[in-house]
Protein chains: 4
Amino acid sequence: MRAIGHRTWAIPEGYLPPRGRPEDRALESHEAACVLNAGDEDAHLELRVFFADREPAGPYRLTVGARRTLHLRLDDLRDPEPIPRGTDYATVIRSDVPVVVQHTRLDARRAESALMTTLAWAAAEEGA
Amino acid sequence: MRAIGHRTWAIPEGYLPPRGRPEDRALESHEAACVLNAGDEDAHLELRVFFADREPAGPYRLTVGARRTLHLRLDDLRDPEPIPRGTDYATVIRSDVPVVVQHTRLDARRAESALMTTLAWAAAEEGA
Amino acid sequence: MRAIGHRTWAIPEGYLPPRGRPEDRALESHEAACVLNAGDEDAHLELRVFFADREPAGPYRLTVGARRTLHLRLDDLRDPEPIPRGTDYATVIRSDVPVVVQHTRLDARRAESALMTTLAWAAAEEGA
Amino acid sequence: MRAIGHRTWAIPEGYLPPRGRPEDRALESHEAACVLNAGDEDAHLELRVFFADREPAGPYRLTVGARRTLHLRLDDLRDPEPIPRGTDYATVIRSDVPVVVQHTRLDARRAESALMTTLAWAAAEEGA
């Protein structure tokens, strides 16, 4: 299958709300970077996390298999360090093959959930 | 009327929440791919659905008439197979004429609904 | 001031939920097309509304003054005809000068509101 | 690190809901323009705010440090004037180096919060 997308993506808005309802992981407050690798080669990703008042964290390294999607929970990142909750951040994702990236937040701080999503920003050079 | 849009679209974020309130179809948890075909020729679509841990499903074939919009409920897809609920997925849509695609989720798992939407990602080649 | 944006925009997702709380117009279920005209000439807009099973409605004609923004409530359109509630639709906006368009829905069908927004899709030719 | 993004961004949809729950600043109704400056030079920003029925306000001047993100609360702007609550507005951001901009609204007017987000619109010229 043909690879589609871009190699560099950015998500300026990042914020992990304080922990919500730990009894159900799917409904816990979280952010996800959803990565689609529609092509026939594995995608090797490097994430860097930017903050308001310190140098960036990372790189975090991940692989998305050929013809697979990875819905990465950003609160799951551990190596080299977890992203702190309650802190503004931003994310840059680079891949060695074209992928497509969408960002979603579930906020479960109140009794009801709130959802938001957007495509990430893609640098202009596009994969074939 | 002039066709506008692109022939290849991708939606990295896909998740059908477990079934909510079956008494009202419009308020049941669902995802929709909203397709606009503003041109004077019917659009023949092929959808492929990508997963985290298996090969893609599809193609699903659909037609959007000339000068029509189709708000496709992804939980309605049956042929060749339904998309399982509670599972991460991603979608690629190809059309033989330019269309525009937007993705929306209604999450009705809690007492109140949550909504999110984004334009899908479009490959660069654009219809006239 | 320099005009920025595009002359053709599309919003595939459109749906006016059944009327919510008429006691407060700002909290009533609605959709808005937010148009920014940052340039020094008035923008003359033509909207066309597409449906699932009938020919498009319109054109609806609107003006956005130079250096002004118009947050157009789509449920306010009357001429040539109102958009019916509870019906899937899509919108194409054409302008004689470059503008930027964003789409927002407030859904007040339940006790709590839900919000969603996205930039509209823009045709490639861009204003200076 | 390589600068990524664009120098001109626009957010057509702007609305600061009437003040919600002042006891917790993070849950108060607000809008944020999240700016990522991934490059090695400080970004000097100029914001202009557009209204429905008066000339634009601004410029508001801000700096985002090299390799930093700024999640700017638009209700915090004071100089030259605050943005009034309950008023439709739009925002244009210009930067002297490439940045990426995303817009988010938290609406806390009701007992539960609602969230929405989108990338801002970017003018075509892209930073290296």
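Bear in mind that the values here come from a model prediction, so they are computed numbers and not experimental data.

A. View of the overall build of chain A. When helices and strands are tallied, chain A shows zero helices and eight strands. When its helices and strands are written in sequence order, chain A yields β-β-β-β-β-β-β-β. Buried positions account for 62% of the 128 residues belonging to chain A. Taken as a whole, chain A presents about 4,500 Å² of accessible surface, with 48% of it coming from carbon and sulfur.

B. Inspection of the state of the cysteines at higher detail. Scanning the model with the defined rule gives zero disulfides over all chains in all. Summary of cysteine pairing: Cys34 of chain A is not part of a disulfide, and the nearest cysteine sulfur, belonging to Cys34 of chain D, is at 18 Å.

C. Spotlight on the interface of chain C and chain D. Facing 30 residues of chain C, the contacting portion of chain D comprises 37 residues. Summed over both partners, the interface of chain C with chain D buries about 2,700 Å², with 60% contributed by carbon and sulfur atoms. On the surface where chain C and chain D come into contact, there are two salt bridges. Taking the shortest distance from any N to any O, the salt bridge between Arg67 of chain C and Glu55 of chain D comes out at 2.7 Å. If you look at where chain C meets chain D, you find 11 residue pairs in polar contact (both at pLDDT 80 or more). Taken together, the elements giving at least two residues each to the side of chain C that touches chain D come down to β1 (6-15), β2 (30-37), β5 (68-73), β6 (88-107) and β7 (114-119) of chain C. Examining the composition of the side of chain C that touches chain D, we find that six residues originate from one element, β7 of chain C, more than from any other. For the side of chain C that touches chain D, the class distribution of residues is 15 nonpolar, nine polar and six charged.

D. Structural detail: the relation of the copies chain C and chain D. At an RMSD of 0.0 Å, chain C and chain D line up after a rotation of 90 degrees and a shift of 0.0 Å along the axis. The transformation relating the two chain copies, once decomposed into turn and shift, fits a four-fold axis.

E. Focus on the environment of Gly58 of chain C. Residues and elements named next belong to chain C. Note that Gly58 resides in strand β4 (residues 57-64). For Gly58, a relative accessible area of 31% gives the class partly exposed. Gly58 has contacts with Leu47 and Pro80, leaving out every residue within four places of it along the chain.

The rules behind each value
Residues numbered from 1 in each chain as written. Chains lettered and ligands numbered in written order. Predicted model: local features only at pLDDT ≥ 70, side-chain atom pairs only at ≥ 80, totals over all residues. Heavy atoms only, no water. Helix = DSSP H or I, 4+ residues; strand = E, 2+ residues; numbered from the N terminus. Buried < 20%, exposed > 50% of the residue type's maximum accessible area, 1.4 Å probe, protein only. Areas by Shrake-Rupley, 256 points an atom, 1.4 Å probe, with all protein chains shown as cover. Disulfide = S-S within 2.5 Å. Contact = heavy atoms within 4.5 Å. Buried area = accessible area lost by both parts, 1.4 Å probe. Salt bridge = Lys/Arg side-chain N within 4 Å of Asp/Glu carboxyl O. Polar contact = N/O pair within 3.5 Å; in protein donor to acceptor, adjacent residues only side chain to side chain. Nonpolar A, V, L, I, M, F, W, Y, C, P; charged D, E, K, R; others polar. Least-squares fit on C-alpha atoms with pLDDT ≥ 70 in both.

Geometry only, nothing functional implied.
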